[in-house]
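Reading the structure
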Amino acid sequence: ELFQLIEEEVMQRADYERLLTVGYNQWSMDYFASLQSNLSAGWAGRTIVTFQFIKMALRIRGNAARLERRGILPAFYSAGYPPFDFFSLARSINKFSLELYDCPELVQKACEASLDPILATMMQPLRATNGKRVCIYPMRCSATFISQKMFEKMALEHLKHMAEFFVNQGITPILHCDANWNPLLHYFRELPRASCIL
């Protein structure tokens, strides 16, 4: 059997408004700090999480260099989630699904406010390694979880924006598409031609 997950509601509905008030960067550092029970809230937790991300970027650079010395190109040098998928994981699938109907405008505003900061974060390991491939995880916007209409309304434009952003930087997006994408495959024709790996 595949392993099963019982998702916890770590992000709260009020976090959408907080994100819009303080910005994605501060909000996300607080969120990642809250995942570690030994970290305190506020600037102290954010500082430790920031150093953890710096350490991870250095580890990525070291791993990439070791592989490249052996003539092996890493599959990708950085990765990240589209905002829709990130919030789905952070809220839990049950709560997030309800919010797509209860407060879709609020979810959409939070996604819009998060998109460019997420891209900037994903660029950091690429700059550190001069890597030319990035992995994007559209895990929760597939037909397994939402309708085609919902995909068009809530997720498609952000996914396209992410792919186009990296292609314009000379970086190949690798789209790690979990679950059932068969009814949505034709949308990938809207991405830059012959520029992505699915």
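Calculation notes
- Residues numbered from 1 in each chain as written.
- Predicted model: local features only at pLDDT ≥ 70, side-chain atom pairs only at ≥ 80, totals over all residues.
- Heavy atoms only, no water.
- Helix = DSSP H or I, 4+ residues; strand = E, 2+ residues; numbered from the N terminus.
- Rg over C-alpha atoms; globule rule 2.2 N^0.38 Å.
- Buried < 20%, exposed > 50% of the residue type's maximum accessible area, 1.4 Å probe, protein only.
- Contact = heavy atoms within 4.5 Å.
- Areas by Shrake-Rupley, 256 points an atom, 1.4 Å probe, with all protein chains shown as cover.
- Lys, Arg positive; Asp, Glu negative; His and termini not counted.
- Charge placed at Lys NZ, Arg CZ, Asp CG, Glu CD.
- Phe/Tyr/Trp six-rings, centres within 6.5 Å; stacked < 30°, edge-to-face > 60°.
- Core = buried A, V, L, I, M, F, W, Y, C linked by side-chain atoms within 4.5 Å.
- Pairing = 2+ DSSP bridges.
- Axes fitted to C-alpha atoms, helices over the stretch in contact; angles between N-to-C directions.
- Parallel < 35°, antiparallel > 145°, perpendicular 65-115°, else oblique.
- Left-handed = near helix turned anticlockwise from the far one by under 90°.
- Nonpolar A, V, L, I, M, F, W, Y, C, P; charged D, E, K, R; others polar.

What to know about the overall build of the chain
Of the regular secondary structure elements, the chain holds eight helices and three strands. Across the chain, helices and strands are ordered from the amino to the carboxyl terminus as α-α-α-β-α-α-α-β-α-α-β. Relative to its length of 198 residues, the chain is compact, with a C-alpha radius of gyration of 17 Å against a globular reference of 16 Å. By the burial criterion, 41% of the 198 residues in the chain qualify as buried. In the chain, of all internal contacts separated by at least 6 residues, the share reaching a separation of at least 24 is 75%. Here the chain has roughly 11,300 Å² of accessible surface; of this, 55% comes from carbon and sulfur atoms. Positive and negative charge centroids in the chain, built from 21 and 19 side chains respectively, lie 10 Å apart.

As for the packing of aromatic side chains
Counting across every chain of the model gives 17 aromatic pairs. When the centroid spacing of 6.2 Å and the interplanar angle of 45° are considered together, the rings of Tyr24 and Trp27 count as tilted. Residue Tyr24 and its partner Trp27 are located together in helix 2 (residues 24–34), separated by three residues, close to a single helical turn. With a relative accessible area of 9%, Tyr24 lands in the buried category.

With respect to the nonpolar core
By size, the foremost hydrophobic cluster in this structure holds 45 residues, and its most contacted members are Phe87, Phe151 and Phe166. Elements that contribute at least two residues to this core include exactly helix 1 (14–22), helix 2, helix 4 (83–91), helix 5 (93–102), helix 6 (104–129), strand 2 (133–136), helix 7 (148–154) and helix 8 (156–168). The biggest single contributor to this core is helix 6, with 10 residues. Not counting the four nearest positions on each side in its chain, Phe87 is found in contact with Met11, Tyr16, Leu19, Trp27, Ser92, Phe96, Ala110, Cys111 and Ser114.

Observations concerning helix 2
Those residues of helix 2 that sit buried are Tyr24, Trp27, Ser28, Met29, Asp30, Tyr31 and Ala33. Close packing links the buried residues of helix 2 with helix 1, helix 3 (43–69), helix 4 and helix 6.

Thoughts on unusual backbone geometry
Trans peptide bonds make up most of the peptide bonds, and negative phi angles are found at most residues other than glycine. Even without glycine at this site, Asn130 takes up a positive phi of about 60°. When you line up the elements, Asn130 lands in the loop between helix 6 and strand 2. The phi torsion at Ala179 lies on the positive side, around 75°, for a residue other than glycine. With respect to the helices and strands, Ala179 occurs in the segment after strand 3 (172–175).

Comments concerning the sheet that holds strand 1 (residues 78–80)
Strand order across the open sheet formed by three strands is 1-2-3, with parallel pairing between neighbours. Of all strands in the sheet, those bounded by a partner on one side alone are strand 1 and strand 3. For this sheet, the mean inter-axis angle between neighbouring strands, taken without regard to orientation, is 25°. Across the sheet, helix 8 is in contact with strand 2 and strand 3; its angle to strand 2 comes to roughly 175°.

A closer look at the packing of helix 6 against helix 8
Running from amino to carboxyl end, helix 6 crosses helix 8 at an angle of 25°, the nearest separation of the two axes being 11 Å. On the basis of their axis angle, the class for helix 6 and helix 8 is roughly parallel. Here the hand of the crossing between helix 6 and helix 8 comes out right-handed. Of helix 8, the residues touching helix 6 (which contributes Gln108, Cys111, Glu112, Leu115, Asp116, Ile118, Leu119, Met122, Met123 and Leu126) are His158, His161, Met162, Phe165 and Phe166. Residue composition of the contact of helix 6 with helix 8, by class: 10 nonpolar, three polar and two charged.

Details of the pairing of strand 2
The pairing of strand 1 with strand 2 spans three bridges and is parallel. If you follow Gly80 over to strand 2, its bridge partner there is Ile136. The pairing of strand 2 with strand 3 spans four bridges and is parallel. Along strand 3, the bridge assignment pairs Arg133 with Thr172.

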